[in-house]
Amino acid sequence: MPPKLVLPVERKRGEPALTESRRTVVCSRGGTCEAAVDASEISSLLEQKDTFVWLDLQNPQAADVQLLHDEFQFHPLSIEDATRHHERPKLEAFEKYYFMVFYELGYSRDDQRLRSQAIGLFIGTNYIVSVHNQPIATIDETIKRWQNNTAEFGNDAGALLYSLLDSIVDDYFPVIDELAERVEDIEQQIFEHFQEEALQQVFALKRDLLGVRRVVSPERDVLNVLIRREVPIFERNTILYLQDVYDHIVRITDSIDTYRDLLSSALDAFLSLQSNQLNQIVKVLTITSIVLMCDALIAGIYGMNFEFMPELHWRYGYPFALGLMVVISISLVLYLRRRKWL
Amino acid sequence: MPPKLVLPVERKRGEPALTESRRTVVCSRGGTCEAAVDASEISSLLEQKDTFVWLDLQNPQAADVQLLHDEFQFHPLSIEDATRHHERPKLEAFEKYYFMVFYELGYSRDDQRLRSQAIGLFIGTNYIVSVHNQPIATIDETIKRWQNNTAEFGNDAGALLYSLLDSIVDDYFPVIDELAERVEDIEQQIFEHFQEEALQQVFALKRDLLGVRRVVSPERDVLNVLIRREVPIFERNTILYLQDVYDHIVRITDSIDTYRDLLSSALDAFLSLQSNQLNQIVKVLTITSIVLMCDALIAGIYGMNFEFMPELHWRYGYPFALGLMVVISISLVLYLRRRKWL
Amino acid sequence: MPPKLVLPVERKRGEPALTESRRTVVCSRGGTCEAAVDASEISSLLEQKDTFVWLDLQNPQAADVQLLHDEFQFHPLSIEDATRHHERPKLEAFEKYYFMVFYELGYSRDDQRLRSQAIGLFIGTNYIVSVHNQPIATIDETIKRWQNNTAEFGNDAGALLYSLLDSIVDDYFPVIDELAERVEDIEQQIFEHFQEEALQQVFALKRDLLGVRRVVSPERDVLNVLIRREVPIFERNTILYLQDVYDHIVRITDSIDTYRDLLSSALDAFLSLQSNQLNQIVKVLTITSIVLMCDALIAGIYGMNFEFMPELHWRYGYPFALGLMVVISISLVLYLRRRKWL
Amino acid sequence: MPPKLVLPVERKRGEPALTESRRTVVCSRGGTCEAAVDASEISSLLEQKDTFVWLDLQNPQAADVQLLHDEFQFHPLSIEDATRHHERPKLEAFEKYYFMVFYELGYSRDDQRLRSQAIGLFIGTNYIVSVHNQPIATIDETIKRWQNNTAEFGNDAGALLYSLLDSIVDDYFPVIDELAERVEDIEQQIFEHFQEEALQQVFALKRDLLGVRRVVSPERDVLNVLIRREVPIFERNTILYLQDVYDHIVRITDSIDTYRDLLSSALDAFLSLQSNQLNQIVKVLTITSIVLMCDALIAGIYGMNFEFMPELHWRYGYPFALGLMVVISISLVLYLRRRKWL
Amino acid sequence: MPPKLVLPVERKRGEPALTESRRTVVCSRGGTCEAAVDASEISSLLEQKDTFVWLDLQNPQAADVQLLHDEFQFHPLSIEDATRHHERPKLEAFEKYYFMVFYELGYSRDDQRLRSQAIGLFIGTNYIVSVHNQPIATIDETIKRWQNNTAEFGNDAGALLYSLLDSIVDDYFPVIDELAERVEDIEQQIFEHFQEEALQQVFALKRDLLGVRRVVSPERDVLNVLIRREVPIFERNTILYLQDVYDHIVRITDSIDTYRDLLSSALDAFLSLQSNQLNQIVKVLTITSIVLMCDALIAGIYGMNFEFMPELHWRYGYPFALGLMVVISISLVLYLRRRKWL
Ligand SMILES: [Mg+2]
Ligand SMILES: [Mg+2]
Ligand SMILES: [Mg+2]
Ligand SMILES: [Mg+2]
Ligand SMILES: [Mg+2]
Ligand SMILES: [Mg+2]
Ligand SMILES: [Mg+2]
Ligand SMILES: [Mg+2]
Ligand SMILES: [Mg+2]
Ligand SMILES: [Mg+2]
Ligand SMILES: [Mg+2]
Ligand SMILES: [Mg+2]
Ligand SMILES: [Mg+2]
Ligand SMILES: [Mg+2]
Ligand SMILES: [Mg+2]
Ligand SMILES: [Mg+2]
Ligand SMILES: [Mg+2]
Ligand SMILES: [Mg+2]
Ligand SMILES: [Mg+2]
Ligand SMILES: [Mg+2]
Ligand SMILES: [Mg+2]
Ligand SMILES: [Mg+2]
Ligand SMILES: [Mg+2]
Ligand SMILES: [Mg+2]
Ligand SMILES: [Mg+2]
Ligand SMILES: [Mg+2]
Ligand SMILES: [Mg+2]
Ligand SMILES: [Mg+2]
Ligand SMILES: [Mg+2]
Ligand SMILES: [Mg+2]
Ligand SMILES: [Mg+2]
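A brief structural summary. Just so it is clear, the structure is predicted and the values come from calculations on it, not from any experiment. (Residues numbered from 1 in each chain as written. Chains lettered and ligands numbered in written order. Predicted model: local features only at pLDDT ≥ 70, side-chain atom pairs only at ≥ 80, totals over all residues. Heavy atoms only, no water.)

Focus on the packing of helix α9 (residues 236-301) of chain B against helix α9 (residues 236-301) of chain C
When two helices pack together, you describe them by how their axes are tilted relative to each other and by the distance separating the axes.
Moving on, step 1. The N-to-C vectors of α9(B) and α9(C) enclose an angle of 20 degrees; their axes lie 9 Å apart at closest approach. For the element pair α9(B) / α9(C), the angle class is roughly parallel. In this structure, α9(B) crosses over α9(C), and the sense of that crossing is left-handed.
Moving on, step 2. Here the residues of the contact of α9(B) with α9(C) sort into 19 nonpolar, 11 polar and 4 charged. (Axes fitted to C-alpha atoms, helices over the stretch in contact; angles between N-to-C directions. Helix = DSSP H or I, 4+ residues; strand = E, 2+ residues; numbered from the N terminus. Parallel < 35°, antiparallel > 145°, perpendicular 65-115°, else oblique. Left-handed = near helix turned anticlockwise from the far one by under 90°. Nonpolar A, V, L, I, M, F, W, Y, C, P; charged D, E, K, R; others polar.)

Rendered as structure tokens:
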């Protein structure tokens with residue numbers, strides 16, 4: 001039945017060739033860890049109840065995919081999902097393991113770009129397999145801490161999974177803080193000195209908030225399933241810990257919604273401000289131009305070349321004309337001021 | 001009880017006459033396939049547990065409809081739904097079979113038009129009947145692959161249905177990608193060189209996104225019913241595969257919602273931009289016209305024909321007037337600049 | 001306990017007096033139908049299991065209301081609801097019958113007016129009572145078809161109810177099509193030649209869509225209850241038929257939502273278009289008036305009456321002035337074009 | 001445990017002192033009613049199964065509150081809620097009684113003001129206690145009708161409660177009608193002769209609709225609990241009656257939502273209209289002022305005082321200039337008309 | 001398993017050093033209270049069923065955290081949540097206690113600033129531990145009242161918790177009232193004398209309403225869990241009291257939603273008003289400037305220096321020109337008035 005197993009690793013356009021890496025760490029219940037294990041030994045190791053295997057595949061190649069199939073006997077569909085990396089965060093139950101997709105988020109301050117990377121996780125009773133494309137510091141650290149501290153962690157998939165998810169989610173907070181900073185900056189700009197580029201920033205920020213929400217929202221569902229299941233997947237103590245991660249995700253979702261709301265009101269406020277300013281400007285334009293046109297009309301009238309224009313010959317015709325202009329201008333301004341126009 | 005069975009096939013206005021086609025493929029469990037079977041044999045074939053029948057009807061005529069009723073004994077209502085083709089995607093349980101409506105989506109790049117076509121599917125224990133109006137490549141390929149590979153697929157309605165739905169949904173992705181491309185183009189246009197036609201494009205794009213959502217959203221429900229049923233319709237392994245299709249549909253729905261959000265913000269941004277530009281333009285208009293009107297007023301004053309205007313007889317009256325204009329213009333600009341108007 | 005039974009039939013303001021009509025059709029299981037039955041016989045007929053009574057009351061009077069109470073022994077509250085006719089669509093279970101409110105929709109093309117009329121239905125095991133104010137063709141036809149075809153329909157409340165509801169809902173489609181047509185017209189107008197009356201049309205159309213939604217949405221709930229009930233009201237085959245009606249209603253609800261969305265985007269597009277055009281117009285106004293004012297200023301300057309203005313006595317003063325105007329105008333336009341203003 | 005029982009009745013700012021009133025009506029099952037009963041007898045009356053007590057407290061004082069506590073033994077919290085009167089509509093189950101908050105709505109046409117008043121209701125098996133601040137005609141009438149008709153009502157809390165709630169909800173309809181009238185008026189104004197005060201009316205109307213919704217929406221929940229409870233509170237027949245009240249509330253909620261939608265579209269339509277008119281006006285301004293400025297420029301040119309201007313000495317210079325103006329004006333208008341500007 | 005216990009207390013940027021305080025109050029069932037207890041005695045006190053301990057930690061230090069772990073044996077995660085203080089309101093069940101996060105809200109009128117402070121609460125059968133950063137008057141008072149009135153309260157976690165939550169929620173109302181006041185002020189400003197700063201106020205107010213909603217909404221969920229639990233946490237009487245607090249929270253949520261709605265309509269109204277005024281102003285500008293330009297054109301024409309202009313030599317040329325201006329002005333105004341432009 002399709003899909004076939006031999007999966008060609010997809011190449012995204014314009015992406016540089018990636019370094020590959022396969023890391024297997026095996027720890028036995030006694031506390032001894034082996035850092036490099038031969039791939040072909042894995043299936044026999046998995047049968048020993050007192051060993052725990054963590055296999056980390058970075059930028060997996062055909063041979064790695066074959067390993068997942070032959071040694072771990074994962075379902076082709078979950079192997080496909082783990083290696084294709086454009087899945088939504090999710091949790092799926094297979095007969096002997098769970099398959100989870102989770103995302104790492106990063107933010108580079110220089111070019112204000114959000115970065116996200118999917119991590120595929122196969123969670124069995126005595127193994128975890130993590131699959132991803134680019135190096136992920138959090139995974140390296142979690143493995144290292146576990147290697148050095150097997151006693152503390154135990155050989156327990158739940159405790160290890162918590163460690164990993166907690167670190168991943170902890171790394172979301174600085175990203176959210178950056179976005180919050182940008183929201184604040186935009187608010188300030190709007191009420192102080194608005195520039196046209198700010199609008200492009202608002203748009204980019206909306207896009208980023210949307211992007212983060214799109215990752216975090218299904219992750220919340222994943223964690224909710226993990227902790228609320230009738231038949232719990234992990235033991236009660238582990239669930240308490242996962243609940244803590246769930247809490248953080250809920251808080252992040254909350255924050256994002258708040259920032260989206262704030263951004264919308266900021267834009268609304270900006271539009272109102274502009275509409276108010278336009279009103280003000282047009283008012284001034286109207287009043288000034290009417291006053292000036294009235295004065296110009298008077299000048300125009302006395303610039304006419306009629307033979308018989310008595311005022312032209314008055315001694316004080318000129319000051320009279322100037323006075324007329326002043327009087328009309330002042331009257332107009334006073335009139336408009338009384339009608340609350342000025 | 002109405003509706004009567006003899007259904008006249010509806011003619012949509014202006015649509016050219018369609019070529020008809022009826023294809024029956026029967027495969028027995030042993031792996032042998034027969035490509036053309038006489039219609040009247042079908043009912044007896046269906047009674048043999050080890051054969052599997054796929055009947056594909058393209059642009060069905062009265063005789064085809066009669067066949068569905070006499071040989072398969074489908075309920076008149078589901079026959080009607082299958083031949084009328086303006087149904088929403090849905091799944092309905094009848095006593096001996098399921099009736100499903102699913103849609104093929106296509107996109108022609110030339111005229112930027114979205115195309116959709118309903119497929120009616122009757123799913124029994126050892127048969128699938130597919131009904132549609134226009135040729136559908138996906139169906140042809142699925143049947144061909146099955147014919148050549150009965151061993152791999154087995155004679156299992158679930159596996160065949162998965163094959164078909166997976167291909168159909170896989171074909172949605174290029175459509176979504178085209179829409180995403182258009183959203184991006186519009187974003188760019190808005191911030192670079194906006195033209196009035198772009199608005200018409202925004203509107204057409206919204207309409208397409210709405211159209212796709214209207215197909216995909218009930219299809220998600222259909223797949224959800226297939227995989228979450230208390231009493232499962234298919235065996236567990238098949239459900240894993242259908243879950244994969246469900247996943248893809250969820251991702252597509254997600255994407256569409258994101259693009260709709262982005263399109264809305266793009267339009268909002270455009271409106272803000274325009275309102276900002278209008279402000280800027282009106283400001284310049286106001287200031288320039290006030291300056292020019294002041295200068296013109298001075299010219300007008302010294303163009304008056306009064307007999308007694310001392311300035312007119314000054315030696316430097318003319319440069320004085322020009323100087324007055326320059327001084328007033330500069331003062332005005334300086335004043336407005338200080339009031340943050342310029 | 002209030003309300004009292006003797007219900008005065010409400011008169012809506014300005015409504016003409018209605019013709020009354022009471023029609024009773026009784027069919028016995030054998031297939032014989034009687035078209036006119038004496039009111040007082042009804043209660044005894046209802047006790048015969050093999051007869052089926054359809055009583056249709058148009059614009060019911062006090063005597064009709066009394067009949068519903070005395071012969072059918074309906075609950076005063078349901079009688080009130082059936083005769084007052086401003087109820088929402090609903091389904092209510094009483095001890096021996098169901099009471100349903102459903103709506104007929106019509107559309108008159110001439111004055112583009114939507115018309116709706118409530119129908120009260122009492123559904124018992126061997127009777128249906130329909131109550132309404134104005135003549136309803138659908139009811140007449142259903143009764144006639146049943147009279148001529150008792151064999152086909154059977155004496156089954158469910159089959160008759162399906163027939164009636166199906167016809168009513170089928171009549172919604174032309175109404176929806178009219179509304180769709182109007183949405184399309186408005187879209188076209190917006191992008192081609194907008195007139196102020198179009199806005200009034202948009203508003204009226206929104207109102208109609210709201211009106212249809214308000215009828216159709218609770219009707220969907222009514223049908224949902226009919227087909228999803230734990231303890232089904234009708235037998236399984238009838239429910240299949242009612243499911244078909246439910247389907248149609250869902251499709252209609254879908255369509256209305258789509259049209260509302262389209263209408264909103266059309267209005268948004270219109271506002272953007274207008275804002276864009278305003279920008280364009282104001283730009284042209286600004287530029288042209290600045291150019292003209294500059295030229296006029298030059299003319300004004302050389303219209304001043306100073307004694308000592310050397311240019312006035314130049315041989316080529318006049319062409320020089322005209323040339324100055326042309327040069328300034330062209331420079332301005334070039335300058336603004338370079339600043340992307342034109 | 002707090003809150004303490006002796007509740008000081010809250011004084012709202014600026015509210016005049018209220019007249020107090022305590023009314024107790026006792027009816028025995030036989031049908032005899034006593035209109036005035038001594039407070040201290042109540043607890044013993046409540047123990048007689050065949051009497052029914054209705055106690056109505058208007059603007060309750062400390063002694064009344066004490067009575068509720070000592071004779072009826074109500075929970076301090078429900079007494080507090082009944083006397084403070086800023087509760088949301090709700091239904092709460094206590095061990096021996098239900099406590100309900102419901103609202104009376106009124107509308108005074110003169111000052112277009114909506115008025116609402118909370119009513120606290122304690123509902124026991126053989127008593128109802130109603131508590132409110134201002135006189136409520138509906139309560140008076142219900143009690144009077146019950147006194148005169150004990151036979152009809154019975155000594156049944158459910159029937160009495162229905163009577164009261166039905167009257168209260170019936171009184172909502174005229175209020176809704178007034179609001180509907182105002183919505184219609186505003187629609188008309190918007191399309192006919194808009195005045196600035198209309199906007200203030202729109203705002204006030206939105207506020208009123210919000211206010212009514214805020215009362216009616218939780219009341220719907222209250223009635224829903226009353227009629228849908230697994231263990232029904234009242235007997236089946238009473239529930240049929242309460243269902244009728246529920247129906248009316250649902251209809252009112254529906255109406256309010258419709259009016260809010262209509263009001264929003266009316267405002268949107270108004271904004272579009274205005275934006276359209278602004279466009280139109282600015283267009284006319286632009287075109288006319290350009291035409292006039294062109295003509296004025298020509299006049300200005302021939303008003304220049306150059307010595308050598310051949311046209312000035314032409315015999316037909318003046319008509320030539322006037323003709324030039326006419327030609328330029330007409331050409332401009334024709335040109336703009338061809339570019340669809342006019 | 002991480003997180004480690006020794007938690008460094010987080011320092012928020014720019015926040016002054018806080019005074020610390022640890023208060024332990026122990027009351028035995030007999031009614032005697034001890035105000036200061038040695039930390040090391042706590043675990044033995046907790047084992048005595050007839051004593052009740054309230055430990056209040058303000059700005060907890062490392063030793064306090066150790067105490068929570070060693071004497072109370074709280075889970076590290078809940079200790080972390082209690083001391084970090086950026087949690088959402090929540091309720092979590094641990095094996096022997098509940099952990100709750102609730103917020104105090106305050107409003108300082110001077111700088112119109114909203115203030116919120118998290119309170120962590122550990123609720124066991126015979127103890128409550130409250131953790132917070134700044135002094136909270138409500139906690140002090142609740143403890144004092146309990147100390148003086150153990151008899152009334154009993155040694156019951158539920159009654160004490162109610163006392164505390166009720167006081168906290170009661171303190172929300174003045175905050176809401178302040179916000180309501182600000183909403184009202186803004187409404188008035190919009191319809192009377194709008195100033196640009198008002199928009200900044202609208203924005204700040206939206207932000208505050210959002211902030212309060214973000215605290216109050218999950219608190220409603222917390223209380224809902226407390227009172228609706230299948231296996232109730234507290235005894236029935238206590239739940240009645242907590243239901244009262246729940247009620248208040250629901251009312252507050254309602255109010256906030258109403259104020260947000262009102263604020264939005266106020267802004268919409270403001271935009272409509274402005275757009276209306278702009279229209280009015282531009283109309284006046286248009287009409288006046290057209291009239292003035294027409295008059296100026298006439299003046300310009302008669303200011304031309306043509307040799308042959310008969311009007312110039314008319315006796316009544318000048319009054320004729322002035323008359324022409326008046327006639328044209330009046331005709332224009334009359335014409336525009338007839339076209340409903342004025
Ligand atoms: Mg964490
Ligand atoms: Mg951590
Ligand atoms: Mg900053
Ligand atoms: Mg935590
Ligand atoms: Mg943590
Ligand atoms: Mg936690
Ligand atoms: Mg696929
Ligand atoms: Mg595929
Ligand atoms: Mg592109
Ligand atoms: Mg997949
Ligand atoms: Mg796939
Ligand atoms: Mg999958
Ligand atoms: Mg139909
Ligand atoms: Mg039909
Ligand atoms: Mg058309
Ligand atoms: Mg159908
Ligand atoms: Mg159907
Ligand atoms: Mg049909
Ligand atoms: Mg059907
Ligand atoms: Mg009523
Ligand atoms: Mg009534
Ligand atoms: Mg009216
Ligand atoms: Mg009713
Ligand atoms: Mg009624
Ligand atoms: Mg009813
Ligand atoms: Mg309270
Ligand atoms: Mg209190
Ligand atoms: Mg105030
Ligand atoms: Mg209360
Ligand atoms: Mg209280
Ligand atoms: Mg209460």
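With respect to the pattern of salt bridges
Pairing is possible between side chains that carry opposite charge, provided their charged atoms lie close to one another.
Moving on, step 1. Within the structure shown, the criterion is met by 71 salt bridges over all chains.
Moving on, step 2. Of the charged contacts in the structure, one is a salt bridge between C:Asp247 and B:Lys90, with a shortest N-O distance of 2.2 Å. Taken together, the residues span two chains, with C:Asp247 in helix α9 and B:Lys90 in strand β4 (residues 90-93).
Moving on, step 3. On the basis of relative accessibility, which here comes to 13%, the residue C:Asp247 falls in the buried class. (Salt bridge = Lys/Arg side-chain N within 4 Å of Asp/Glu carboxyl O. Buried < 20%, exposed > 50% of the residue type's maximum accessible area, 1.4 Å probe, protein only.)

Comments concerning a negative patch on the surface
Moving on, step 1. Taken together, the side chains of A:Asp268, B:Asp268, C:Asp268, D:Asp268 and E:Asp268 present a region of like negative charge at the surface.
Moving on, step 2. Accessibility expressed as a relative area gives 38% for A:Asp268, which makes it partly exposed. (Patch = residues over 30% accessible without salt bridge, like charges linked within 9 Å, V, L, I, M, F, W, Y side chains within 5 Å. Areas by Shrake-Rupley, 256 points an atom, 1.4 Å probe, with all protein chains shown as cover. Lys, Arg positive; Asp, Glu negative; His and termini not counted. Charge placed at Lys NZ, Arg CZ, Asp CG, Glu CD.)

Here we look at the relation of the copies chain D and chain C
Moving on, step 1. Its rotation angle being 72 degrees, the transformation that places chain D on chain C also includes 0.2 Å of axial translation and leaves an RMSD of 0.2 Å. With respect to symmetry, the two chain copies, as superposed, fit the operation of a five-fold axis. Every residue of chain D has its C-alpha some distance from the rotation axis, and the shortest such distance is that of D:Gly303, at 4.8 Å.
Moving on, step 2. Little of the interface of chain D is mirrored in chain C, where only 20% of its interface residues are also at the interface. (Least-squares fit on C-alpha atoms with pLDDT ≥ 70 in both. Contact = heavy atoms within 4.5 Å.)

Digging into the interface of chain B and chain A
Moving on, step 1. At the interface, 56 residues of chain B touch 59 residues of chain A.
Moving on, step 2. Surface buried jointly by chain B and chain A totals about 5,100 Å² across both partners, of which 63% is contributed by carbon and sulfur atoms.
Moving on, step 3. Linking chain B with chain A are 18 residue pairs in polar contact (both at pLDDT 80 or more).
Moving on, step 4. Contributing elements (two or more residues each) for the side of chain B that touches chain A: α5 (150-153), α6 (157-170), α7 (172-191), α9 and α10 (310-313) of chain B.
Moving on, step 5. For the side of chain B that touches chain A, the element with the most residues is α9(B), which contributes 37 residues. (Buried area = accessible area lost by both parts, 1.4 Å probe. Polar contact = N/O pair within 3.5 Å; in protein donor to acceptor, adjacent residues only side chain to side chain.)

So, the relation of the copies chain B and chain A
Moving on, step 1. Take chain B, turn it by 72 degrees, move it 0.1 Å along the axis, and it overlays chain A with an RMSD of 0.1 Å.
Moving on, step 2. Little of the interface of chain B is mirrored in chain A, where only 20% of its interface residues are also at the interface.

Topic: the pairing of strand β6 (residues 113-123) of chain A
All names here are of chain A.
Moving on, step 1. Two strands pair when backbone bridges link them, and strand β5 (residues 98-108) and β6 are joined in this way by 11 bridges, in the antiparallel orientation. Paired with Tyr 98 across the strands is Ile 123, a residue of β6.
Moving on, step 2. The antiparallel pairing of β5 with β6 creates a hairpin that spans 4 residues between the two strands, and Gln 112 there sits at a positive phi of about 45 degrees.
Moving on, step 3. As judged from the 4 bridges shared by β6 and strand β7 (residues 127-132), these two strands associate in the antiparallel manner. (Pairing = 2+ DSSP bridges.)

Section: helix α6 (residues 157-170) of chain A
Residues and elements named next belong to chain A.
Moving on, step 1. For α6, which comprises 14 residues, the first-to-last C-alpha distance of 20 Å matches the rise-based estimate of 20 Å (1.5 Å per residue) to within 8%.
Moving on, step 2. Burial analysis of α6 places 13 of its 14 residues in the buried class, which makes it a mostly covered element.
Moving on, step 3. Of the residues flanking the start of α6, the one acting as N-cap is Asp 156, its side-chain oxygen 3.1 Å from the backbone nitrogen of Gly 158. (Expected span 1.5 Å × (residues − 1).)

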